[in-house]
Structures are given as C-alpha cells and as structure tokens.
Amino acid sequence: MEKLLSMSTKIARIILSAIIIVTLFIRVYRLAQVPVSLYWDETAIAYDAFSLVSTGQDMHGKSFWQPIFLSYGDYKAPVYIWLTTLTMKVVGEKDLAVRLPSAIAGTLIVLIAYALVAEVWRKREMGLWVAGALAVMPGEILFSRTGFEAHLGLMFILLTVYLWFLAEKKPWVFCLSGLTAAIGVYSYFSVRVVVPLLFIGFGLLYRKQVLKSWKWVIPGILLFGLLLIPL
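Residues numbered from 1 in each chain as written. Predicted model: local features only at pLDDT ≥ 70, side-chain atom pairs only at ≥ 80, totals over all residues. Heavy atoms only, no water.

Asks: Account for the packing of aromatic side chains, naming residues and giving values.
Replies: Inspection of every chain in the model, using the stated rule, returns 12 aromatic pairs. Relative to Y29, the ring of F25 lies with its centre 5.3 Å away and its plane at 20°, an arrangement referred to as stacked. Residues Y39 and F148 carry aromatic rings whose centres are separated by 5.2 Å and whose planes lie at 35° to one another, so their mutual orientation is tilted. Here F148 lies in the loop between α6 (138-144) and α7 (149-166) and Y39 lies in the loop between α1 (2-28) and α2 (40-55), a separation of 109 residues in the sequence. Residue Y39 is classed as partly exposed on the basis of its relative accessible area, which comes to 21%. (Phe/Tyr/Trp six-rings, centres within 6.5 Å; stacked < 30°, edge-to-face > 60°. Helix = DSSP H or I, 4+ residues; strand = E, 2+ residues; numbered from the N terminus. Buried < 20%, exposed > 50% of the residue type's maximum accessible area, 1.4 Å probe, protein only.)

Pasting the structure below:
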C-alpha cells in the first residue's frame, strides 16, 4: 500500500511538472511579439519602470517606494511597476520586461490552483485536472501574455486563500496570509474589496477553525491593516 501511495505521489509530481513546463512555454514563447504591441497600460508601466531604472525616480520625479504611482493620471498600484523595474534590469528595456511578471504570475496561478484544489478536496487528481485546464484556458493565456495588474492581483488572492486552508494544519500561516493579501492590494486596488469579502465568507464557513486559531488570525488581520496604512 505504501509503495502504491509513493508511486501515486511520484506520478502526480511528474504530471504536474509537465503541466508547469507546458504552462510556462505557452506564456513566454514569443512573449514580446504576441500580442503584436504593448497596449496603453503596459506602455505606462514600462515608462515608469524605465525611468526608475535610468534615474531612480518615476516619470514625475518620485522615488521607487511609493504606495501609488501617479502614472498618466490613472494612479497605478506599485507592485507591477516594481517587478517590471527588476525584469528590465535582467532582460533589458524591452517589451518582454513588461510582460514577464504577468507570464510568471500566470504560471504560478496554475501551480497555486493545483495546490489549493488538492488541499481542499484532498485529491491530487482533481488538482491536476484544474491545473491542466488553467494551463490551456484561452482567457488565462491572454492575461498571462499581457501586463495586466489585475492578473498579478489574482495570483495573490489565490495564494492568500490557499494559505487560509493550509492554516488548518499550520495556524501560524494565517499571519503570512495577511502579508500576501496586502501585497495583492498593492498589485491591484480592487483586491482591498475582494479579500475582506472572501475572509468574511471563509470565516462563516469555517468559523470553528478560525475561532480555534484566533491567536494567529488576529495578528494576520492586524498585519494586513497595518500594511495598508500608506494607502
């Protein structure tokens, strides 16, 4: 029985590895050329990142560490711009640098979705089906191949929810979820509405576990709130 279980784990890991490799390939192959050009938000992100790499300040002369970038007057969340600054330092000032954070986020979304489904339903097979479906889902591919801040926010939402379920075994993870939720808000501002609603729903559905781990839940919520003070 132990050998069969071990084989099952090995096979699941092999299949998951294959799914992740395919996911990454679909998202990065000719990433700078397809779609054919940057759209306006990507261009705005690229310009602020280019300015930060070149001068240490954004297009308005403000520093790297700011909770909101003015950009072209639409007030962007900072995390995607920060990540683009890093990718520009690695791959150069190219279209690829702007889209790479979203492509990586898209790959991580597939991996996190597998982990979340496998954790909730206790079935690796179901997690693999979900991961495989997300890997080739046209909408998910589109958002992975363009610099969408919302896509990055989705990754942090999924990661936060996964950490909540993981906290059933490791209660201290609730604190870590406060950090990932806050980073999600700084990735895309709508997350500040989505995360509290998700937490309320999670709290009602799993109130016994939440009450049992209140010593870790409260610090997690406080950490989330404290990190949003700069906003």
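Now that the structure has been shown, the text picks up again.
Asks: Could you give an account of the side chain of T160, naming the residues involved and the relevant values?
Replies: Mapped onto the elements of the fold, T160 is located in helix α7. Other than its neighbours up to four places away in sequence, T160 contacts S177, T180 and A181. (Contact = heavy atoms within 4.5 Å.)

Asks: Summarise the side chain of S177; cite the residues concerned and give the values.
Replies: Secondary-structure assignment places S177 in helix α8 (residues 173-185). Excluding residues within four positions of it along the chain, S177 makes contact with T160, L163 and W164.

Asks: Account for the packing of helix α4 (residues 95-121) against helix α5 (residues 124-136), naming residues and giving values.
Replies: Between α4 and α5, the least distance of the axes is 8 Å, while the angle of their chain directions is 155°. Classified by the angle between their axes, α4 and α5 sit roughly antiparallel to one another. Along this stretch, α4 crosses α5, giving a crossing that reads as right-handed. Here α4 contributes I109, V110, A113, Y114, V117, A118 and W121 to the contact with α5, which in turn contributes R124, M126, G127, L128, V130, A131, L134 and A135. (Axes fitted to C-alpha atoms, helices over the stretch in contact; angles between N-to-C directions. Parallel < 35°, antiparallel > 145°, perpendicular 65-115°, else oblique. Left-handed = near helix turned anticlockwise from the far one by under 90°.)

Asks: Go over helix α11 (residues 214-227), please, and point to the residues and values.
Replies: Taking 1.5 Å as the rise per residue, α11 with 14 residues should run 20 Å; its terminal C-alpha atoms sit 20 Å apart, in good agreement. All of the buried residues in α11 are V217, G220 and F224. Within α11, the buried residues cover an arc of 65° as seen down the axis, which keeps them to one side. Those residues of α11 that are exposed and angled more than 90 degrees off the buried face are K215, L222 and L226. Buried residues along α11 sit in contact with α8, α9 (191-205) and α10 (207-212). (Expected span 1.5 Å × (residues − 1). Arc of directions from axis to C-beta.)

Asks: An account of unusual backbone geometry is needed here, citing residue identities and associated values.
Replies: In this model, V34 is joined to P35 through a cis peptide bond whose omega is 0°. With respect to the helices and strands, the residue P35 is situated in the loop between α1 and α2. For Y75, which is not a glycine, the phi torsion comes out positive at approximately 55°. Structurally, Y75 is set in the loop between α2 and α3 (78-91).

Asks: For α2, give the residues involved together with the corresponding values.
Replies: For α2, with 16 residues, the first-to-last C-alpha span of 22 Å sits near the 22 Å given by 1.5 Å per residue. Burial in α2 covers these residues: E42, A44, I45, A46, D48, A49, S51 and L52. Downstream of α2 by one or two residues, G56 has phi in the positive range, about 80°.

Asks: Quick rundown of the confidence of the model for the protein? Include the residues and the values.
Replies: On average, residues of the protein score 93 in pLDDT, and 97% of them reach the 70 mark or higher. The least confident element of the protein is α1, whose mean pLDDT is 83; the most confident is α3, at 97. Below a pLDDT of 50 lies the segment residues 1-7, which in the model reaches 0 contacts outside its immediate sequence neighbourhood of four places, other chains included. (pLDDT = per-residue confidence, 0-100.)

Asks: Describe the pattern of salt bridges, and please don't skip the residues or the numbers.
Replies: Evaluated as defined, the whole model comprises 6 salt bridges. Residue R99 is joined to E42 by a salt bridge in which the shortest nitrogen-to-oxygen separation is 3.0 Å. Within this pair, whereas R99 is found in helix α4, its partner E42 is found in helix α2, the two being separated by 57 residues in sequence. In this structure, R122 and E119 form a salt bridge, with 3.1 Å as the shortest nitrogen-oxygen distance. When its relative accessible area of 11% is taken as the criterion, E119 is described as buried. (Salt bridge = Lys/Arg side-chain N within 4 Å of Asp/Glu carboxyl O.)

Asks: Kindly report on a nonpolar patch on the surface, identifying the contributing residues and their values.
Replies: Side chains of W172, L176, L179, W216, L223 and L227 sit close together on the surface and give an oily, nonpolar patch of about 510 Å² of accessible area. Ranked by the residues each element gives to the nonpolar patch, the list is headed by α11, at 3 residues. Looking at where L176 falls in the secondary structure, it is placed in helix α8. (Patch = residues over 30% accessible without salt bridge, like charges linked within 9 Å, V, L, I, M, F, W, Y side chains within 5 Å. Areas by Shrake-Rupley, 256 points an atom, 1.4 Å probe, with all protein chains shown as cover.)

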